Structure formats: C-alpha cells, structure tokens
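Understanding the architecture of this molecule
Spelled out, the chains give:
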Amino acid sequence: MRYEAPRTLGDATGMLASCQGVARVLAGGTDLLVALRSGFVEPELVVDIKRIPGMAEIVAEDGGWRVGAAVPGAALGRHDGVCRAWPGVVEAVELIGSTQIQGRATMVGNLCNASPAADSVPAMMAAGALARIAGPDGKERDVPVGDVATGPGVTSLAPGELVASIFLPEAPARSGDAYLRLIPRTEMDIAVVGAAVSLTLDDGGCCAAAKVVLGAVGPRALVVEDGAAAIIGTTLDDDSLAALEAAASAAARPIDDKRGTVPYRRKVAGVLARRAARIAGTRAGENR
Amino acid sequence: MSLQHVTTTVNGDRAEFLCDTMETLLDALRDRLGLTGSKEGCASGDCGACSVMFDGRLVCACLVLAAEADGRKVETIEGMAGTGELHPLQTKFLELGALQCGVCTPGFLVAAKALLEENPDPDETEVRYWLAGNLCRCTGYDKIIRAVLETAADLRGQ
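Comments concerning the overall build of chain B
Along the backbone of chain B there are five helices and five strands. For chain B, the succession of helices and strands along the chain, N to C, is β-β-α-β-β-β-α-α-α-α. A compact globule built from 158 residues should have a C-alpha radius of gyration of about 15 Å, and chain B, at 16 Å, falls within 12% of that. Oriented by its inertia axes, the alpha-carbon framework of chain B measures out at about 55 × 30 × 25 Å. When the 158 residues of chain B are sorted by exposure, 44% land in the buried category.

Describing the domain arrangement of chain B
Residues and elements named next belong to chain B. When cut into domains, chain B gives domain 1 (4-79) and domain 2 (88-155). The distance between the C-alpha centroids of domain 1 and domain 2 comes to 21 Å. In this complex, domain 1 contributes 13 residues to the contact, which on the side of domain 2 involves 11 residues. Residue composition of the side of domain 1 that touches domain 2, grouped by class: seven nonpolar, five polar and one charged.

Focus: the domain arrangement of chain A
Residues and elements named next belong to chain A. By the assigned domains, chain A splits into domain 1 (2-49 + 57-168) and domain 2 (175-286). Contacts between the two partners involve 25 residues from domain 1 and, on the opposite side, 24 residues from domain 2. Among the elements of the structure, α5 (87-94), α8 (120-126) and β8 (149-151) are those that each provide at least two residues to the side of domain 1 that touches domain 2. Here the residues of the side of domain 1 that touches domain 2 are counted per class, giving 16 nonpolar, seven polar and two charged.

What about the pairing of strand β4 (residues 57-60) of chain B?
Residue and element names in this part refer to chain B. Summarising the sheet, strand β3 (residues 51-54) and β4 pair through four bridges and their orientation is antiparallel. Paired with Phe 54 across the strands is Arg 57, a residue of β4. In sequence, β3 turns back onto β4 through a hairpin of two residues, with Asp 55 there showing a positive phi of about 50 degrees.

Thoughts on helix α5 (residues 141-155) of chain B
All names here are of chain B. Compared with an ideal rise of 1.5 Å per residue, which puts 15 residues at 21 Å, α5 spans 21 Å between its outermost C-alpha atoms and is within 8% of the ideal. Looking only at α5, the buried set comprises Ile 144, Ala 147, Val 148, Thr 151 and Ala 152. On an axial view of α5, the arc spanned by its buried residues comes to 130 degrees, and they lie on one face. Turning to α5, the residues buried within the fold contact α2 (88-96), α3 (105-118) and α4 (124-130).

Quick look at helix α10 (residues 238-251) of chain A
Over its 14 residues, α10(A) extends 20 Å from the first C-alpha to the last, a length consistent with the 20 Å expected when each residue adds 1.5 Å. Those residues of α10(A) that are buried are in contact with β12 (193-201), β13 (207-215), β14 (222-223), α9 (225-231) and α11 (262-286) of chain A.

Observations concerning the sheet that holds strand β2 (residues 23-26) of chain A
All names here are of chain A. Spatially, three strands are ordered β1-β3-β2 in an open sheet, and the strand pairing comes out parallel. A single partner strand is all that each edge strand has here, and the edge strands are β1 (2-4) and β2. Within this sheet the neighbouring strands show an average axis-to-axis angle of 20 degrees, counted without direction. Two strands pair when backbone bridges link them, and β1 and strand β3 (residues 45-48) are joined in this way by three bridges, in the parallel orientation. Considered in β3, the bridge of Arg 2 is made with Leu 45. Its contacts with the sheet place helix α1 (residues 9-18) against β1, β2 and β3, and it is angled at close to 170 degrees to β3.

Describing unusual backbone geometry
All names here are of chain B. Positive phi, close to 65 degrees, is recorded for Ala 43, a residue that is not glycine. Within the fold, Ala 43 resides in the loop between α1 (25-32) and β3. Given 19 C-beta atoms within a 10 Å radius, Ala 43 is considered partly exposed. With phi around 50 degrees, Asp 55 is a residue other than glycine that occupies positive phi space. Considering the arrangement of structural elements, one finds Asp 55 in the loop between β3 and β4.

Thoughts on the interface of chain B and chain A
The interface is formed by 23 residues belonging to chain B together with 21 residues belonging to chain A. Residue contributions to the side of chain B that touches chain A peak at four residues, all from β4(B). For the side of chain B that touches chain A, a count of residues per class yields 13 nonpolar, eight polar and two charged.

Description of the pairing of β3(A)
Residues and elements named next belong to chain A. Bridge count for β2 against β3 is four bridges, and the pairing is parallel. Paired with Val 25 across the strands is Val 47, a residue of β3. In this fold, the crossover linking β2 to β3 by way of helix α2 (residues 32-37) has right-handed handedness.

Overview of the packing of α2(B) against α3(B)
Residues and elements named next belong to chain B. Packing of α2 against α3 leaves a shortest axis separation of 10 Å and a crossing angle of 130 degrees. When the axis of α2 is compared with that of α3, the two are oblique. Here α2 runs over α3; the crossing is right-handed. Judged by residue contacts, Leu 89, Gln 90 and Phe 93 of α2 engage Thr 105, Leu 109, Ala 112 and Lys 113 from α3. Taken together, the residues of the contact of α2 with α3 break down into four nonpolar, two polar and one charged.

Points about the nonpolar core
Residues Val197(A), Leu214(A) and Ala273(A) are the most contacted members of the largest nonpolar core, which totals 149 residues. Residues contacting Leu214(A), with those up to four places away along its chain left out, are Pro122(A), Gly194(A), Ala195(A), Ala221(A), Leu222(A), Val224(A), Ala248(A), Ala251(A), Ala252(A), Ala269(A) and Ala273(A).

Quick look at the sheet that holds strand β7 (residues 140-144) of chain A
All names here are of chain A. One open sheet accounts for five strands, arranged β4-β5-β10-β6-β7; its pairing is antiparallel. Strands with a single pairing partner mark the edges of an open sheet, and in this sheet they are β4 (58-61) and β7. Pairs of neighbouring strands in the sheet enclose a mean axial angle of 30 degrees, with direction left out of account. Pairing analysis gives five bridges linking strand β6 (residues 130-134) to β7, with the strands arranged antiparallel. Bridged to Ile 133 within β7 is Arg 141. Packed on one face of the sheet, α1 meets β6 and β10 (162-168) and runs near 130 degrees to β10.

Procedures and definitions
- Residues numbered from 1 in each chain as written.
- Chains lettered and ligands numbered in written order.
- Predicted model: local features only at pLDDT ≥ 70, side-chain atom pairs only at ≥ 80, totals over all residues.
- Helix = DSSP H or I, 4+ residues; strand = E, 2+ residues; numbered from the N terminus.
- Rg over C-alpha atoms; globule rule 2.2 N^0.38 Å.
- Buried ≥ 20, exposed ≤ 12 C-beta atoms within 10 Å, placed from the backbone.
- Domains from an automatic or database assignment.
- Contact = placed C-beta atoms within 7 Å.
- Nonpolar A, V, L, I, M, F, W, Y, C, P; charged D, E, K, R; others polar.
- Pairing = 2+ DSSP bridges.
- Expected span 1.5 Å × (residues − 1).
- Arc of directions from axis to C-beta.
- Axes fitted to C-alpha atoms, helices over the stretch in contact; angles between N-to-C directions.
- Right-handed = clockwise from strand over helix to strand, strands pointing away.
- Parallel < 35°, antiparallel > 145°, perpendicular 65-115°, else oblique.
- Left-handed = near helix turned anticlockwise from the far one by under 90°.
- Core = buried A, V, L, I, M, F, W, Y, C linked by C-beta atoms within 7 Å.

Encoded structure:
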C-alpha cells in the first residue's frame, strides 16, 4: 500500500485518477482504518487529504457555512456559527461514535462511507446541503448530498473524484432542524432508525417549508415528501404531526436484522420523525 | 517493501522511526518507540485503551496511520506524570482503587485529562458520556467516574 499526503487538491485527484488499482481517500480514517485492518479493503493507494490547505477549515460563504472534508466532529461541534444555524446537523454528527472518534471522524467521511445508517446524512439532506466534488480535470461540481451515496457502501463518485467540502446553506429566519436516532443503548451504536426534520415557520407560526429524511430504513437515506406535505401549512398541531408520523412509517423500507424487525423500524421511523419535527418547530420558533 | 520515514513529536520530544504504510500509530508507539503504555484492546476504535492526544485532539491511536504522525504532536500516557510526580488523576485513581486489571487505565487517564482540560467542572453525566468510548472489561466504572469527579473538584480547589 502506497501512502501519499498531497498538498494540493489537484495532486490528490491526480493521484486517485492515475491509480490503476483500488485507491481510498483518508480523512478521519475511522471507517477506513477498520476496513484496512480487517482486510475488508486492500488499497494500492491511500491519499491522506489532511495536508491540503483549507481542508480542515469551516468558512462563511453566502450566509451559510462551507465545511472542509477534513473537519472532525469535535471541531464542528465547537463552531458557534454552524451550531446556531444547523443544530440538527451538528447533533447528528456528534452522535457518531465516542469522544475519540469525534476527534477524527468527518461529515464527508460519513457521507462517502455510504452506510445506510450514517447519522449525518439525513440531517445534511434535510438542511439542503451540497457536496462539492473535485475531479482530476481540475473541475468542481456541486451536487445535493442525497446524490452522493447510491447504495450501501457505493457512491456516485467517478474514479479520481473526491468530496472536498460540504456547503450548509444560510438557514432562513424562523427555521430549525433536528435529528433523532434510536439505538439499543445510550451511546456508541449504529442507528436502528434515524430521522431528520428541517422546517421554516412563517410570521404566523405556520410551517411554510419542511424536509423530512429518514436513515437506516432503506439502502440509502430516504426523503419523505408526504411527511413534509403533512406538516406544511399547519401549526404542527397534533393531527398534522400524526399525519407526518403515518407518512414516515409508510415511506420506510427497512430490512429485518438483529437490531430491529421491519414492523419495529417502521413504527420507530414514524415516532422519531414526529418528535424531530416537534423539536425543529420549537427551534424555529426561538430563531427569530 | 519500502518503509515510510516519520519524524514526529512524542510527549515533547522529537521522535523518528521507519514504519510500514499499513502500520498504525499505536503499533509504532509500542513497537518502534517502546512506549507500551497505550494498549491495544479492540484495534477498531471501540474500546479506547489506545487513547492518545494527536495534535491536541483525543483519538484512538489504533485508528491513526503511523505515517500520518509526520510533523504532528503526539501525547501518550507516558507523558502524563511530571518529573517524579504523578498527575492528580493518576494519584486519585490509586487512592480510590479506580482500576482492576489495569489494561484500560492508560486510556481512561488520557481521556479524563482531556476532559478536565476542556471542562474543569463536568457533572457525572458529562463524565460518563465523555468516557463512553473507554471500555473497562472488569466493569469498574463507578470508581473511575468518582475518581474523575473528585480530581476535578480537587483541581478547582474545592
């Protein structure tokens, strides 16, 4: 295995593109190192992107925030601006692993690992986040976060491409987001179900816009349009939230495994979506 | 196979070693530098027995490639005690018997020190969440949590 730590994005994508065998990007390494050590992947090349200037920075852009691919969870959680704008995204990232994992794990790594249960992905999708993909030709393109993972462990990235940053857009006034997940213990586990809701209230306290995204109940994070429709135009009253719950349960396409049965996951998907909507609504109300 | 040349700083001292690209920082600390205080428990980032500070952040050394340490700063359990004097956390762990077999202890100490540097007045819940990534297979958690809370109180002068 060849280890490279390039100093420019162009060098990184060039190395990835010219590698004949399996190549992997190393950011926080919390998934990659485990895969390497277990022999799950045997790359010919590992490209460590942490020495590329700016990769570990969070910068203000167009009222929102651009989060570099090498920003660990610990840094994101201490960034006042991102915490204020997108508390749901931050709480989702902070649920990933222990304090030690937070010292290394990145949002972009969570995205590109493409686990159906990735905690930060539903929250980023609900926030309308964009992934900036850098390619070997020096070109960059921005795609919705939901278009990066295409199935368990599989992404839409072409050879030589990498996700260089995530753009979290400006949060409109009176908006709030939230992410909840169910695990069998209080810490350090993989989501049985995750639910993210982002919404904006109008002047009268009615929900003007909403996004509802579920994790761990399908091969990739699932946008629940019917769930958003159930709460848009309402005051998030009990009946509307019940309709959201039903829509989320109906949309879930979970598998049966040791951590949860299909009916259980369906039920929990609805419950978490409803609770997340309530928290997002409260946050939106406080965010004037 | 070509070896990677790494120059790094460990506990304030310059350190140099050659390593395989697949080698972890934990392997290098233990096998190249003879710093065997950091333990390998799970080798997958679940148990925290290999907790070290890496450029000021608490990490599992088993999830860092040794090659990544070039030019970085690493702090291990070996650097925790001052010259001839234990760190207050170490003293408290001894006083309260906050260890049984001891394999998890270096990781707990490094992680607890990082906590107290960031939050000198944690409550019990904060201590338990912060240390959730440190597993004690002897299950001696209560004394560990108490030792951290009491050390925090001592350091605050209470």
